[in-house]
Amino acid sequence: MESVNFEDMRRAMVDSQLRTSGVNDAWVVAAMGSVPREDYVPAAHRTTAYMDRSILLDDGSTLNPAVSTAMLLQAAEVRTDDVVLLVGKDNGYVADILKSRVQSITAVASDKLSQAQTGGPFSIIIIDGAAEELPPVLLGLAAEGARMVTGVIEGAVTRLAKGYVHKGKVALKSFVDSEIAAIPGFARKPEFVF
């Protein structure tokens with residue numbers, strides 16, 4: 001059986017997926033070209049870790065396609081002095097990519113936002129998934145003018161979006177259609193219909 005060269009697979013992901021999708025931010029390309037994506041997926045998916053698709057993880061969460069992750073990180077315009085809140089896994093792929101760029105990162109699961117209170121206010125909020133509605137507590141964690149990037153669910157389509165927090169509110173503007181998994185707890189509340 002032939003051995004798998006993950007370094008070659010990472011390089012191919014950068015060249016054929018990220019760069020061809022307009023991802024050219026040097027730190028994003030360098031980090032995603034060095035962080036071993038195969039270490040964050042179940043053993044059965046290691047050889048397909050670099051395919052342009054989502055991967056269901058053992059804990060029921062999803063590792064989003066590399067292109068979606070790269071586009072979100074590039075849109076966030078992450079600076080080395082940013083105070084980052086990642087809504088996602090604290091020991092996951094996106095957290096480790098961010099750790100290569102910033103000193104201050106707080107990562108929390110979507111149902112544990114209150115645990116992020118002590119780390120803020122945050123200059124960037126990155127949501128590693130798609131939301132229908134943002135919980136009010138999330139906006140309360142942001143500094144005035146904070147950048148926010150996330151996936152958004154609009155009907156049957158998911159898009160990547162960016163916005164700036166102003167007076168506790170954010171207007172997100174979609175910038176590309178992209179596969180990104182729904183994040184638990186960020187679904188729109190059911191409305192009463194008579």
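What you see is a predicted model, and the numbers here were worked out from it, not measured in a lab.

About the cut-offs
- Sequence order as written defines residue numbering, which begins from 1 separately in each chain.
- Thresholds applied to this predicted model are a pLDDT of at least 70 for local features of residues and 80 or more for the giving and counting of side-chain atom pairs; totals over whole chains, interfaces and linings are not thresholded and use all residues.
- Note: side-chain values were computed over all heavy atoms of the structure, leaving out hydrogens and water.
- Numbered from the N terminus, helices here are DSSP runs of H or I no shorter than four residues, and strands are runs of E no shorter than two.
- Only heavy atoms matter for contacts: two residues are in contact if any of them lie within 4.5 Å across the pair.
- Throughout this description, buried means an accessible area under 20% of the type-specific maximum (1.4 Å probe, protein chains only), exposed means over 50%, and partly exposed covers the range between.
- A 3.5 Å cut-off defines polar contacts: any pair of N or O atoms within that distance qualifies, except that in protein one atom must be a possible hydrogen donor and the other a possible acceptor, and neighbouring residues in sequence count only when both atoms are side-chain atoms.
- Salt-bridge detection follows one rule: a side-chain nitrogen of Lys or Arg within 4 Å of a carboxyl oxygen of Asp or Glu.
- Side-chain atoms within 4.5 Å are what join buried Ala, Val, Leu, Ile, Met, Phe, Trp, Tyr and Cys residues into a set we call a nonpolar core.
- In this analysis, strands are considered paired if DSSP registers two or more bridges between them.

Draft legend 1. Spatial organisation of the environment of aspartate 52. Residue placement: aspartate 52 occurs in the loop between α2 (26-32) and β1 (55-56). In this structure aspartate 52 touches Gln17, Pro65 and Val67, once residues within four positions along its chain are discounted.

Draft legend 2. Quick peek at the side chain of asparagine 64. Along the chain, asparagine 64 turns up in the loop between β2 (62-63) and α3 (66-76). Residue classification places asparagine 64 among the buried residues on the basis of a relative accessible area of 2%. A distance of 3.1 Å separates the side chain of asparagine 64 from the side chain of aspartate 128, its partner in a polar contact. Among all residues touching asparagine 64, those that are not within four sequence positions of it are Arg37, Arg53, Ser54, Thr69, Asp128, Gly129, Ile180 and Ala181.

Draft legend 3. Quick peek at the pattern of salt bridges. Applying the stated criterion across every chain, the model contains 13 salt bridges. As a salt-bridge pair, aspartate 59 and lysine 89 come within 2.8 Å of each other at their nearest N and O atoms. In this pair, aspartate 59 is assigned in the loop between β1 and β2 and lysine 89 in the loop between β3 (83-87) and α4 (93-99), connecting sequence segments 30 residues apart. For aspartate 59, a relative accessible area of 52% gives the class exposed. We classify lysine 89 as partly exposed; its relative accessible area is 33%. Note that arginine 79 and aspartate 81 form a salt bridge whose closest N and O atoms lie 3.5 Å from each other. Several salt bridges converge on common partners, so that one network encompasses Arg79, Asp81, Asp82 and Arg147.

Draft legend 4. Focus on the nonpolar core. Judged by nonpolar contacts, the single largest core of 42 residues is most densely connected at Leu18, Met32, Leu98 and Ile126. Only α1 (6-18), α2, α3, β3, α4 and β5 (122-131) provide two or more residues apiece to this core. Ranked by the residues each element gives to this core, the list is headed by α3, at eight residues. Sequence-distant contacts of isoleucine 126, that is, excluding residues within four places in its chain, are made with Leu73, Ala76, Val78, Val84, Leu85, Leu86, Val87, Leu98 and Val149. By size, the runner-up hydrophobic cluster in this structure holds 19 residues, among which are Leu113, Ala116, Ala131 and Met148.

Draft legend 5. The arrangement of the pairing of strand β7 (residues 157-166) in detail. In this sheet, β7 lies alongside strand β6 (residues 142-154) in antiparallel orientation, the contact comprising eight bridges. By the bridge assignment, isoleucine 153 is partnered in β7 with threonine 158. Here β6 folds back onto β7 in antiparallel fashion, the turn holding two residues, of which glycine 155 has a positive phi close to 65°. Of the strand pairs in this sheet, β7 and strand β9 (residues 173-177) are connected by four bridges, and their pairing is antiparallel. By the bridge assignment for β9, alanine 161 is matched with serine 174. Bridge count between β7 and strand β8 (residues 169-170): two bridges; the pairing is antiparallel. Note that in β8 the partner of histidine 166 across the bridge is lysine 169.

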